[in-house]
Amino acid sequence: MPASMQGEMQPTIYRFKLGGFEVATIMDSKVVRSGLTPSFGGDKQADEVKALARANRIDTERYEHPFTPVVVNTGKELVLFDTGNGWLREEHEQLKGRLPAGHLVERMASAGYKPEDVDVVVLTHGHPDHIGGLTKGGQPVFPNARYVIGAAEFDFWHKGENVREARKFNRELYVKIVVPLANRATFIKPGDEVVPGIRAVDAFGHSPGLLDFTIESEGKRMINWADTCNHYVIAVQRPDIHLDVDDDKEKAVATRMRVLDMVDKENLLVAGYHMPFPGIGYVEKGKDGVYRWVPHGYQMNL
Ligand SMILES: [Zn+2]
């Protein structure tokens with residue numbers, strides 16, 4: 001008898017040391033979406049985006065979109081950045097076909113973290129795939145956690161002024177899920193420290209108050225750029241290309257340029273929420289001036 005086919009198998013947890021910290025990237029879920037275009041570049045730049053995909057040996061019609069929260073154990077506190085899709089598709093009819101079920105809690109468990117171990121939940125921004133795992137049936141999933149939330153981001157969703165049509169339901173979700181947690185939250189601005197070694201960086205654009213975070217221990221330094229770049233080829237090689245889910249498109253472009261420049265110049269390791277798993281890598285600037293995503297090799301394993 002020939003051996004039977006076992007199906008695809010992919011890793012969902014990766015952990016490494018950063019100085020005295022432990023950093024784990026944990027894939028909550030992923031979807032395969034159709035069409036890099038028109039999401040990237042609209043109809044106008046469809047040919048350019050497809051050419052870029054072909055040049056990078058990736059499919060022009062479909063792309064994998066992972067959702068990867070980051071867990072940092074500083075030795076004093078367990079810090080979780082973003083919470084995945086959680087139970088959104090079960091609890092909201094509108095999201096059924098659009099978001100995958102979240103698996104963060106069970107995958108954290110297999111990495112040795114219980115929900116009650118989480119001391120701090122940091123929200124990089126308020127989009128559904130980042131806040132979805134905060135509550136289940138209205139109850140906080142991480143019962144002992146305090147929350148750290150960008151003040152500008154919170155104000156935007158809380159006030160609900162100038163919310164574009166495509167984000168109206170997102171605003172409803174935010175009010176339902178995040179606003180009730182405000183009494184356990186600290187509101188921060190770019191430059192502020194979350195816990196010793198973790199500091200917020202201005203990344204406004206993709207969402208009104210998106211924050212990136214530098215993570216530093218014993219001279220080792222990295223950045224969690226969350227959704228600053230949403231695709232490892234298109235957004236990194238062509239940060240100028242507009243993306244439909246960027247709330248302020250021009251500001252998102254300026255942020256990508258600034259963060260890519262910083263990552264390249266400071267030779268930072270990057271964790272990116274939507275980068276191919278394990279979602280960590282570097283950025284290299286070619287002689288042609290083009291930035292490229294360089295997936296992590298074994299640098300952090302030594
Ligand atoms: Zn996202």
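This text goes with the structure placed above it.
Here the structure is a predicted model, which means the values were calculated and not measured.

A. Looking closely at the nonpolar core. If you look at the biggest cluster of nonpolar residues, it comprises 33 residues, and the most contacted ones within it are M108, V121, L134, F142 and V178. Of all the secondary structure elements, the ones that give two or more residues to this core are β2 (21-26), β6 (78-81), α3 (104-110), β7 (120-123), β10 (146-150), α5 (151-159) and α6 (168-177). If we ignore the near neighbours within four places in the chain, the residues touching L134 are T83, V121, L123, Q139, P140, V141, Y147, I177, V178 and L181.

B. Structural detail: the environment of A53. Looking at where A53 falls in the secondary structure, it is placed in helix α1 (residues 46-55). Between the C-alpha atoms of A53 and I234, which are 181 residues apart in sequence, the distance is 7.6 Å. Once you skip the residues sitting within four places of it in the chain, A53 turns out to touch L36, I58, D59 and T60.

C. Structural detail: the packing of aromatic side chains. Within this structure, the stated rule accounts for 8 aromatic pairs. Ring plane angle 50 degrees and centroid distance 5.3 Å describe the contact between F81 and F213, whose orientation is recorded as tilted. Remark: F213 occurs in strand β14 (residues 211-217) and F81 occurs in strand β6; sequence separation between them is 132 residues. Taking relative accessible area as the criterion, F81 reaches 1% and is therefore assigned buried. Judged by centre distance (4.9 Å) and plane angle (80 degrees), the ring pair of F156 and W157 falls under edge-to-face. Per residue, the accessibility class of F156 equals that of W157, and both read buried. Counting every residue linked through ring pairs, the aromatic cluster contains F154, F156, W157, Y174 and F187.

D. Geometry of the pattern of salt bridges. What the rule picks out here adds up to 18 salt bridges. We note a salt bridge from R238 to E48, for which the minimum N-O separation is 2.7 Å. You can see R238 sitting in the loop between α7 (234-237) and α8 (249-265) and its partner E48 sitting in helix α1, a full 190 residues away along the chain. On the basis of relative accessibility, which here comes to 23%, the residue R238 falls in the partly exposed class. For R199, the salt bridge is made with E193, and the minimal N-O distance between the two is 3.5 Å. Judged by its relative accessible area of 41%, E193 is partly exposed. Overlapping salt bridges bring together E48, R238 and D240 as one network.

E. Local environment of the packing of α5 against α6. Viewed as axis vectors pointing N to C, α5 and α6 meet at an angle of 105 degrees, and their least axial separation amounts to 9 Å. Considering their axes alone, α5 and α6 lie roughly perpendicular with respect to each other. On α6, the residues that touch E153, F154, W157, H158 and K159 of α5 are N170, R171, Y174 and V175. Split by residue class, the contact of α5 with α6 holds 4 nonpolar, 2 polar and 3 charged.

F. Fine view of the coordination of the zinc ion. Coordination of the zinc ion by the protein comes from D129 (OD), H130 (NE2), D227 (OD) and H274 (NE2), over a distance range of 2.1 to 2.3 Å. Around the zinc ion, the 4 donor atoms sit at angles spanning 88 to 174 degrees, and that spread fits a shape best called irregular. Each donor residue of the zinc ion belongs to the same chain, with the gaps between them written as D-H-x96-D-x46-H. On the basis of relative accessible area, D129 is assigned to the buried category, the value being 10%.

G. Main features of unusual backbone geometry. Residue P38 follows T37 across a cis peptide bond; omega there is 5 degrees. Residues F277 and P278 are joined by a peptide bond in cis, for which omega reads 10 degrees. Looking at the secondary structure, you find P278 in the loop between β16 (269-272) and β17 (280-285). The phi torsion at A226 lies on the positive side, around 50 degrees, for a residue other than glycine. Position of A226 relative to the elements: it lies in strand β15 (residues 220-226). Using a relative accessible area of 1% as the deciding quantity, one classes A226 as buried. At N267, a position not held by glycine, the phi torsion is positive, near 50 degrees. Note on placement: N267 falls in the loop between α8 and β16.

Reading the values: the criteria
Residues numbered from 1 in each chain as written. Predicted model: local features only at pLDDT ≥ 70, side-chain atom pairs only at ≥ 80, totals over all residues. Heavy atoms only, no water. Core = buried A, V, L, I, M, F, W, Y, C linked by side-chain atoms within 4.5 Å. Buried < 20%, exposed > 50% of the residue type's maximum accessible area, 1.4 Å probe, protein only. Helix = DSSP H or I, 4+ residues; strand = E, 2+ residues; numbered from the N terminus. Contact = heavy atoms within 4.5 Å. Phe/Tyr/Trp six-rings, centres within 6.5 Å; stacked < 30°, edge-to-face > 60°. Salt bridge = Lys/Arg side-chain N within 4 Å of Asp/Glu carboxyl O. Axes fitted to C-alpha atoms, helices over the stretch in contact; angles between N-to-C directions. Parallel < 35°, antiparallel > 145°, perpendicular 65-115°, else oblique. Nonpolar A, V, L, I, M, F, W, Y, C, P; charged D, E, K, R; others polar. Donors = N, O, S within 2.8 Å, 3.2 Å for Na, K, Ca; no water. Tetrahedral: all angles 85-135°; square planar, octahedral: opposite > 155°, others 65-115°.

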